[in-house]
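Reading the structure
Single-letter residue listing:
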Amino acid sequence: DVAYLRSVLPSTIDDAFFDYLATLDASEVTVTAIPEGSVVFARVPFLQVKGPLLVVQLLETTLLCLVNYASLVATNAARFRLLAGPDMKLIEMGLRRAQGPDGALSASKYSYIGGFDCTSNILAGKLYGIPVRGTIAHSFIMSFRCLEEVQPRELPPRAGGDPVDLAALAVSWLQRVCDLLQTPPGKANQGELAAFVSYAVTFPCDFQGLLDTYCVRRSGLPNFCAVALALHQLGYQAIGVRLDSGDLAQQSKEIRGVFQACAAHFQVPWFGIIPIAVSNDISEQSLEEFRREGSEIDMIGIGTNLVTCPLQPSLGCVYKLVEVNGSPCLKLTEDEEKMTIPGMKTIYRLYDAAGHPFMDLMALEEEPSPRAGQELGIRVLGRLGETTKVIPTSVEPLHRTYFRDGQVCEPLPSLPEVRTHAQVSLNLLSPAHRRLHEPQPYPVAVTERLHQLFLELRQGS
């Protein structure tokens, strides 16, 4: 690294500078942070770094790179989770649209933290232990032309016995299904039926169908029902279907109706509750429409609008100097929102009697901690000209020390633990702060002492 820097920096630089660079280490660095997966609000320092100026300055780009996209995707995923509700299964499917392989892996990881249940990215499953899920592809279905192409085609009953020609059994069921649905069997695409049979022979305990390669009502749905009922006759149970085009909410209701009709007519109770999954450029607006119109959707696959974050393509986290050699410092600007809050700080989250956080409070590190039941005189950012009185029911210090003397000093949580913490953090918010449309602004405040320091530095400059 030093040799490379020599090659790109001016030749007039003193050799002693490069000798000094070679001695740098992190033994004097301390990092405190709000735990991963926590809800953090604007202007609150979620991470503080103490150490020699050159060392901590070198960390700026690395830390911001690691935090910005991760927080952005986790937040985007959390918004989808809030809209979908706690019972809807969400699958991350953004690998093909993400910003390169590194962005794709990060998106899978941080979508899971934000509340998604699984990913189609198998490498993310291998590296991070995220549950993986997938479905049949259109190309797989289109690669078949007729039932004669299905090899092998025999499947033994689940309880044991001689193998049965699943293709022939599915054809017999197709006639019965089409009679029930009053649709001509000749309209069902034979290549699609062959693909379903081939998939079912290979994965009899995990059979699922993609219904919209040709025509859902006349082909995909009857073909799926025929193969699923043939599997049922042999003791197996299909696990679901997917839709990838059209009016997804309306189609889901129509498909549920067909499943329930088959369940009643053929006396197969589980058939009526076969899970229905949907995909196709799902956005926040899509989820709102599903809720407004009503649907029978059980699982939603989201890709582009999750991993590329089109509503806000970047997150503006910043890394600012607030103290040098024990002296607080302040960045001044005409834009009050861009002014830094000086000094090393401790962050507290104040809770109301209902257990909801109602304010985050920044205090200087040396100030005594606020106590539950104590009246506090504070200044809310954006309204610094007036003092506000608050009485918290409980107080939570947010920062923990994770790195000191060159060593990690706090046990790092597992990915599932971070995911659980993220959901708990979101659920603690009051509905007024949590709603996605016109939420009530969450106040962030400073103590009177920190406010006075801010004024002194501002006037002194």
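Residues numbered from 1 in each chain as written. Predicted model: local features only at pLDDT ≥ 70, side-chain atom pairs only at ≥ 80, totals over all residues. Heavy atoms only, no water.

Some remarks on the nonpolar core
If you look at soluble globular proteins, the nonpolar side chains tend to sit buried side by side. Put simply, the rule reads: Within this scheme, the nonpolar core is defined by two criteria: the residues are buried Ala, Val, Leu, Ile, Met, Phe, Trp, Tyr or Cys, and they are joined through side-chain atoms within 4.5 Å. Categorising residues by exposure relies on relative accessible area from a 1.4 Å probe, with only protein chains included: less than 20% of the type maximum marks a residue as buried, more than 50% marks it as exposed, and the intermediate range marks it as partly exposed. To qualify as a helix, a DSSP run of H or I must reach at least 4 residues; to qualify as a strand, a run of E must reach at least 2; elements of each kind are numbered from the N terminus. A domain assignment, automatic or from a database, supplies the domain bounds used here. We call two residues in contact whenever any of their non-hydrogen atoms come within 4.5 Å of each other.
Ranked by internal contacts, the top residues of the largest apolar core, which has 88 residues, are Val197, Phe207, Phe224, Phe259, Phe271 and Ile300. For this core, the element with the highest residue contribution is helix α9 (residues 216–233), accounting for 10 residues. Both domains that furnish three or more residues to this core are identified here as domain 1 (1–64 + 324–460) and domain 2 (76–308). Once you skip the residues sitting within four places of it in the chain, Phe271 turns out to touch Cys225, Ala228, Leu229, Phe259, Cys262 and Ala263. Counting 21 residues, the second largest nonpolar core, distinct from the first, contains Leu384, Leu398, Val444 and Val446.

Concerning the pairing of strand β20 (residues 444–447)
Stated formally: Only when DSSP finds a minimum of two bridges between them are two strands counted as paired.
Residues Val444 and Val446 point to one face of β20 and Ala445 and Thr447 to the other, with burial holding for every one of them. The pairing of strand β14 (residues 357–364) with β20 spans three bridges and is parallel. When the sheet's bridge partners are listed, Asp360 is paired in β20 with Val444. Sheet topology places strand β15 (residues 376–380) next to β20; three bridges connect them, and they run antiparallel. Paired with Arg379 across the strands is Val446, a residue of β20.

Some points on the pattern of salt bridges
Inclusion rule: Whenever a carboxyl oxygen of Asp or Glu lies within 4 Å of a side-chain nitrogen of Lys or Arg, that contact is scored as a salt bridge.
On inspection of all chains with the given rule, the structure shows 15 salt bridges. Note that Arg242 is salt-bridged to Asp244, the shortest N-O span being 3.6 Å. A salt bridge links Arg383 to Glu386; the nearest nitrogen and oxygen atoms lie 3.8 Å apart. Look at the salt bridges and you will find they share partners, linking Arg81, Asp117 and Arg419 into a network.

What about the state of the cysteines?
Keep this limit in mind: We call a pair of cysteine sulfur atoms a disulfide when they lie within 2.5 Å.
With the rule as written, the count across this model stands at zero disulfides. Summary of cysteine pairing: Cys178 is not part of a disulfide, and the nearest cysteine sulfur, belonging to Cys225, is at 9.4 Å. Note on Cys178: relative accessible area 1%, which makes it buried. With no disulfide of its own, Cys205 lies 19 Å from the sulfur of Cys225, the closest cysteine sulfur.

Quick word on unusual backbone geometry
Note that the residue after Gln151, namely Pro152, is joined by a cis bond; omega there is -5°. Look at Gln182: it is not a glycine, yet its phi comes out positive at around 55°. For Gln182, the location among the structural elements is in the loop between α7 (166–181) and α8 (190–202). In this structure, Glu438 is a non-glycine residue whose phi angle is positive, near 50°. Here Glu438 lies in the loop between α14 (431–434) and β20. A residue is classified by how much of its surface remains accessible, and Glu438, at 72% relative accessible area, is exposed.

Comments concerning the sheet that holds strand β4 (residues 118–119)
Read from one edge to the other, the open sheet built from six strands follows the order β4-β3-β10-β9-β8-β7, with strand pairing classed as parallel. Among the strands making up the open sheet, the edge pair consists of β4 and β7 (208–210). Pairing of strand β3 (residues 89–92) with β4 involves two bridges; the strand directions are parallel. Its bridge partner being in β4, Glu92 is matched across the sheet by Thr119.

Side note on the packing of aromatic side chains
Under the convention used in this document: The pairing test for Phe, Tyr and Trp rings, Trp by its six-membered ring, is centres within 6.5 Å, and the orientation test on the planes gives stacked under 30 degrees, edge-to-face over 60, and tilted for anything in between. Lysine and arginine charges are scored as sitting over a ring when NZ or CZ, respectively, is within 6 Å of the ring centre and within 35 degrees of the ring normal.
Scanning the model with the defined rule gives 13 aromatic pairs in all. Look at Phe17 and Phe18: their rings are 5.6 Å apart centre to centre, the planes differ by 65°, and that puts the pair in the edge-to-face class. When its relative accessible area of 34% is taken as the criterion, Phe17 is described as partly exposed. Centre to centre, the rings of Phe80 and Phe116 are 6.4 Å apart; their planes meet at 85°, and the pair counts as edge-to-face. Placement of the pair is Phe80 in helix α3 (residues 53–84) and Phe116 in the loop between α4 (100–114) and β4, with a sequence separation of 36 residues. As far as the burial class goes, Phe80 and Phe116 line up, both buried. Three or more aromatic residues joined by ring pairs form one cluster here, namely Phe140, Phe144, Phe196, Tyr199, Phe203, Phe207, Phe224, Phe259, Trp270 and Phe271. If you follow Arg176 out to its NZ or CZ, it ends over the ring of Trp173, 4.0 Å from the centre. A cation over an aromatic ring shows up here: Arg419 above the ring of Tyr112, its NZ or CZ 4.9 Å from the ring centre.

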